[in-house]
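# A structural walkthrough
The primary structure of each chain is shown beneath.
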Amino acid sequence: MVTGVRRAARLVGTALGLAALISMAGLAAAQAPWTAPAGEKEKKNPLPADAKTIEQGRKVAQINCVTCHGAKGKGDGAAAVALNPKPADWTSKTVQDDSDGELFWKITTGRGAMPAWRHLPESDRWALVRYIRTLAAK
Ligand code: HEC
């Protein structure tokens, strides 16, 4: 009987230890910096930063991104509550410090809860980058 209890306790201990390890691994993955390969970072946006392009980007974002990133890109869309890590705040310095090529690559490839958008036409993805630039916190 006593041995049974001890064994159960040991099993629970092992299970807890494993759970802790797994969640730590999850956290480490979530916090790892997300950086594009050098060749991708250097890519230049082929679209001009004009009203037409920005409007194109805004429209694509309204359809595909606001549920997570929020209407103003602050990362506070309706689905954000359930997500960890949270959707990036497009107005933040972290996002704005990325080069156009890096944002384009992140949008294209995704990570974790952030979907890959490579099925969107390239011009839509570059237009999204132009639109995200207009949201920089002043
Ligand atoms: C299902 C929710 C969801 C949708 C929809 C979504 N995103 Fe994200 N996005 C995320 C999450 C979560 C992250 C943070 C990922 C991480 O850091 O691992 C993220 C991160 C990003 C980043 C990275 C910012 C950085 O520099 O680290 C960009 C850019 C981005 N999203 C753009 C977009 C665009 C553009 C769309 C629409 C075409 C979009 N996202 C749609 C959830 C979403």
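Everything discussed here concerns the structure shown above.
This report concerns the structure included in the present document. Here the structure is a predicted model, which is why all the values come from computation and not from measurement.

## Describing the site of the ligand
Among the 25 residues in the neighbourhood of the ligand, the closest are listed as Cys65, Cys68, Pro87, Ala88 and Met114. Those elements giving two or more residues to the shell around the ligand turn out to be helix H3 (51-64), helix H4 (66-69), helix H5 (93-96) and helix H6 (100-109). For the shell around the ligand, a count of residues per class yields 17 nonpolar, five polar and three charged.

## Focus on helix H7 (residues 122-133)
Working note: α-helix, 3.6 residues per turn, so residues spaced by three or four point in the same direction. Look at H7: 17 Å from first C-alpha to last across twelve residues, which is about the 16 Å you get at 1.5 Å a residue. Structurally, H7 contributes buried residues whose contacts are with H3, H5 and H6.

## What to know about the environment of lysine 44
Within the fold, lysine 44 resides in the loop between helix H2 (38-41) and H3. Considered as a pair, lysine 44 and aspartate 100 are 56 residues apart in the sequence and their alpha carbons are 6.6 Å apart.

## A short note on unusual backbone geometry
What is expected of a backbone is that most residues other than glycine have negative phi and most peptide bonds are trans. Residue proline 85 is bonded to the preceding asparagine 84 through a cis peptide linkage, with omega at 0°. Looking at the element boundaries, proline 85 is found in the loop between H4 and H5.

## Digging into the nonpolar core
Among the nonpolar cores identified, the biggest contains 17 residues, and Phe104, Leu128, Val129 and Ile132 are the most heavily contacted of them. Contributions of two or more residues to this core are made by H6 and H7. Among the elements that line this core, the one with the most residues is H7, at six residues. Residues within four places of isoleucine 132 in sequence aside, it is in contact with Gly73, Trp90, Val95 and Leu103.

## Looking at the packing of H6 against H7
It is the contact of H6 with H7, at a shortest axis distance of 9 Å, that shows an interaxial angle of 120°. When the axes of H6 and H7 are compared, the pair comes out oblique. Where H6 crosses over H7, the two elements pack in a sense that is right-handed. Facing H6, whose interface residues are Asp100, Leu103, Phe104, Ile107 and Thr108, H7 presents Arg125, Trp126, Leu128, Val129 and Ile132. For the contact of H6 with H7, the per-class residue count stands at seven nonpolar, one polar and two charged.

Cut-offs applied
Residues numbered from 1 in each chain as written. Predicted model: local features only at pLDDT ≥ 70, side-chain atom pairs only at ≥ 80, totals over all residues. Near = placed C-beta within 6 Å. Helix = DSSP H or I, 4+ residues; strand = E, 2+ residues; numbered from the N terminus. Nonpolar A, V, L, I, M, F, W, Y, C, P; charged D, E, K, R; others polar. Expected span 1.5 Å × (residues − 1). Contact = placed C-beta atoms within 7 Å. Core = buried A, V, L, I, M, F, W, Y, C linked by C-beta atoms within 7 Å. Buried ≥ 20, exposed ≤ 12 C-beta atoms within 10 Å, placed from the backbone. Axes fitted to C-alpha atoms, helices over the stretch in contact; angles between N-to-C directions. Parallel < 35°, antiparallel > 145°, perpendicular 65-115°, else oblique. Left-handed = near helix turned anticlockwise from the far one by under 90°.

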